[in-house]
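# A structural walkthrough
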Amino acid sequence: MADGTTTDLARVERGLTYPQAALPRTGEAIEVAQGVFWLRFGLPMALDHINIYAIADGDRWVVVDAGLYTPETCAGWEEALGGALGNLPVGRVVVTHMHPDHLGAAGWLCRRYDAPLLMSRLEYLSAHFYVAEDAAPASGTAEAFFRSAGWTGEDIERWKARRGRFSRIMSPVPQQYVRLKDADELTIGGRVWTVVVGEGHSPEHVCLWRKDDDTFIAGDQILPKISSNIGVWDGEPLANPLDDWLHSLESLKARLPENLLVLPSHGEPFYGVTARLEALIRGHHVGLKRLERSLKQPCRAVDVFGALFARSVGPEVLGMATAESLAHLNYLEAQGRAVRRRDADGVDWWTIVEDIR
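Residues numbered from 1 in each chain as written. Predicted model: local features only at pLDDT ≥ 70, side-chain atom pairs only at ≥ 80, totals over all residues. Heavy atoms only, no water.

What follows covers helix H9 (residues 273-294). Taking 1.5 Å per residue as the helical rise, H9 with its 22 residues ought to reach 32 Å, and the 32 Å between its terminal C-alpha atoms agrees with that figure. Along H9, the positions that sit buried rather than exposed are Val273, Arg276, Leu277, Leu280, Ile281, His284, Gly287, Leu288, Leu291 and Glu292. Angular distribution of buried residues about the axis of H9 spans 160°; they occupy a single face of the element. Exposed residues lying more than 90 degrees from the buried face of H9 are Arg282, Lys289 and Arg293. (Helix = DSSP H or I, 4+ residues; strand = E, 2+ residues; numbered from the N terminus. Expected span 1.5 Å × (residues − 1). Buried < 20%, exposed > 50% of the residue type's maximum accessible area, 1.4 Å probe, protein only. Arc of directions from axis to C-beta.)

When two helices pack together, their arrangement is given by the angle between the helix axes and the distance between those axes. Contact geometry of helix H8 (residues 241-255) with helix H11 (residues 318-334) gives a least axis separation of 7 Å together with a crossing angle of 85°. Considering their axes alone, H8 and H11 lie roughly perpendicular with respect to each other. Each of Pro241, Leu242, Asp243 and Leu246 in H8 lies in contact with H11, whose residues at this interface are Ala327, His328 and Tyr331. (Axes fitted to C-alpha atoms, helices over the stretch in contact; angles between N-to-C directions. Parallel < 35°, antiparallel > 145°, perpendicular 65-115°, else oblique. Contact = heavy atoms within 4.5 Å.)

The phi angle of most residues is negative, glycine excepted, and most peptide bonds adopt the trans form. Phi at aspartate 65 is positive, roughly 75°, even though this residue is not glycine. Tracing the backbone shows aspartate 65 in the loop between strand E7 (60-64) and helix H1 (71-82). Even without being a glycine, alanine 183 presents a positive backbone phi close to 80°. Its place among the elements puts alanine 183 in the loop between strand E10 (178-179) and strand E11 (185-188). Residue alanine 183 is classed as partly exposed on the basis of its relative accessible area, which comes to 48%.

In this structure, Phe216, Ile222, Leu256, Leu295 and Leu326 are the most contacted members of the largest nonpolar core, which totals 49 residues. With 7 residues, the single largest contributor to this core is H11. With near-sequence residues (within four places) excluded, leucine 326 lies in contact with Phe145, Ala149, Val232, Ala301 and Trp350. Judged by nonpolar contacts, the second largest core, of 36 residues, contains Val63, Met98, Ala127 and Met170. (Core = buried A, V, L, I, M, F, W, Y, C linked by side-chain atoms within 4.5 Å.)

What follows is about H1. For H1, which comprises 12 residues, the first-to-last C-alpha distance of 16 Å matches the rise-based estimate of 16 Å (1.5 Å per residue) to within 8%. Turning to H1, its buried residues are Thr73, Cys74, Gly76, Trp77, Ala80 and Leu81. Seen along its axis, H1 keeps its buried residues to an arc of 155°; they face one direction. Of the exposed residues in H1, the ones pointing more than 90 degrees away from its buried face are Pro71 and Glu72. Summarising the contacts, the buried residues of H1 are in contact with strand E5 (36-42), strand E6 (49-57), E7, strand E8 (90-94) and helix H3 (106-113).

One pass over the structure, following the stated rule, counts 26 salt bridges. A salt bridge links glutamate 268 to arginine 11, with the nearest nitrogen and oxygen atoms 2.6 Å apart. Here the residue glutamate 268 occupies a position in the loop between strand E15 (261-264) and strand E16 (270-271), and arginine 11 occupies one in strand E2 (residues 11-13), the gap between them amounting to 257 residues. Residue classification places glutamate 268 among the buried positions, given a relative accessible area of 14%. For the salt bridge of aspartate 213 with arginine 210, the shortest nitrogen-to-oxygen distance reads 2.7 Å. Classification of aspartate 213 by relative accessible area gives partly exposed; the value is 30%. Each of Arg11, Glu13, Lys225 and Glu268 takes part in a single network of salt bridges with overlapping partners. (Salt bridge = Lys/Arg side-chain N within 4 Å of Asp/Glu carboxyl O.)

A word on the pairing of strand E18 (residues 348-352). Counted residue by residue, E18 has 4 buried out of 5 residues, so it is predominantly covered. Of the pairings in the sheet, the one linking strand E17 (residues 338-342) to E18 comprises 5 bridges and is antiparallel in character. The residue of E18 that forms the bridge with alanine 338 is isoleucine 352. Once E17 ends, the chain turns through 5 residues before running back antiparallel as E18, passing glycine 346 with a positive phi of about 80°. (Pairing = 2+ DSSP bridges.)

Looking now at the packing of helix H5 (residues 140-148) against helix H6 (residues 153-162). Where H5 contacts H6, the axes come no closer than 10 Å and their chain directions differ by 135°. Overall, the two elements H5 and H6 adopt an arrangement that is oblique. In this structure, H5 meets H6 at a crossing whose hand is right-handed. Residues Ala142, Glu143, Phe146 and Arg147 of H5 form the contact with H6, whose participating residues are Gly153, Ile156, Trp159 and Lys160. Among the residues making up the contact of H5 with H6, the classes are represented as 4 nonpolar, 1 polar and 3 charged. (Left-handed = near helix turned anticlockwise from the far one by under 90°. Nonpolar A, V, L, I, M, F, W, Y, C, P; charged D, E, K, R; others polar.)

A few words now on the environment of leucine 118. Among the secondary structure elements, leucine 118 is positioned in strand E9 (residues 117-119). Look at leucine 118 and you get buried, because its relative accessible area is 3%. Excluding residues within four positions of it along the chain, leucine 118 makes contact with Arg92, Val93, Val94, Val95, Val178, Leu180 and Leu186.

Now for the state of the cysteines. Enumeration over the complete set of coordinates arrives at 0 disulfides. The thiol of cysteine 74 is not disulfide-bonded; the next cysteine sulfur, from cysteine 110, is found 13 Å away. The cysteine cysteine 207 is free of any disulfide, with cysteine 110 supplying the nearest cysteine sulfur at 19 Å. Residue cysteine 207 is classed as buried on the basis of its relative accessible area, which comes to 0%. (Disulfide = S-S within 2.5 Å.)

Shown next, in the form of structure tokens:
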């Protein structure tokens, strides 16, 4: 273990203070708050890492999130548990939300240590749904959804060929779990952690707040340098997750103290939660204004990437980019600021409503 609590080498970037001088290497653990250790595992994608937090709980650990279920992640866990984490067992596994980089290896850890899985109900049920849906053949309904967004036949075939990737990096989800709800309290190492639930990025995302020293395990609900993906997918095509997301960010801004140490799932621990929440909110509203300008002429969802993303969108991220575009379009539609019309080929064309003010 390494004690990383010193702030002598803290740096400030864009209004946020980063107190850690170094990143943990795979298998290492840095103590970022009393009894809370930061681990970092690699991801085989553009977002190339995930942060895991292990909280000392007597003679065992409570771990928050688990990484993908891959040989590399399992080897990283073996190294960390047998070394930096003192060869102590895992007593509980808390998962912030059901995405594979968070839930993937959780079932493996739970079975290995006979440890319970703790999640919110919507995240747990969503995980079972998405694993089953991903393993099944592509449905005509899903194809029609992506075609309506402007995908080509080639895009559809590429998507079909990649199906199953979600379920392949998920250890079987335990058949039982312990439900977490907003304002629940968990005692870990004799200290109380309060459950704080967010929405938008996922349906019922769990964060943990130790109020006695204002340590906040944020998952993907508050990230320091990027905004979490807010997406509409084929299972709920009329969803409005951006509205959920913005309301959650406003609620967190009102609820969380400025001196909070934020422990995110991606990036580095930081101080400056109010500034970060304000920047996330502002960023989406700026994107919405750019999107409205784009819609002065009819556009498909795939035509508005330039209004929302700073970099080009290639095949690897087409699905997430489309989902995010639809989230912003659905938000404008729900507010009466945009309208869609479906053509004879089943493609949706979006335009701004000019006379709303």
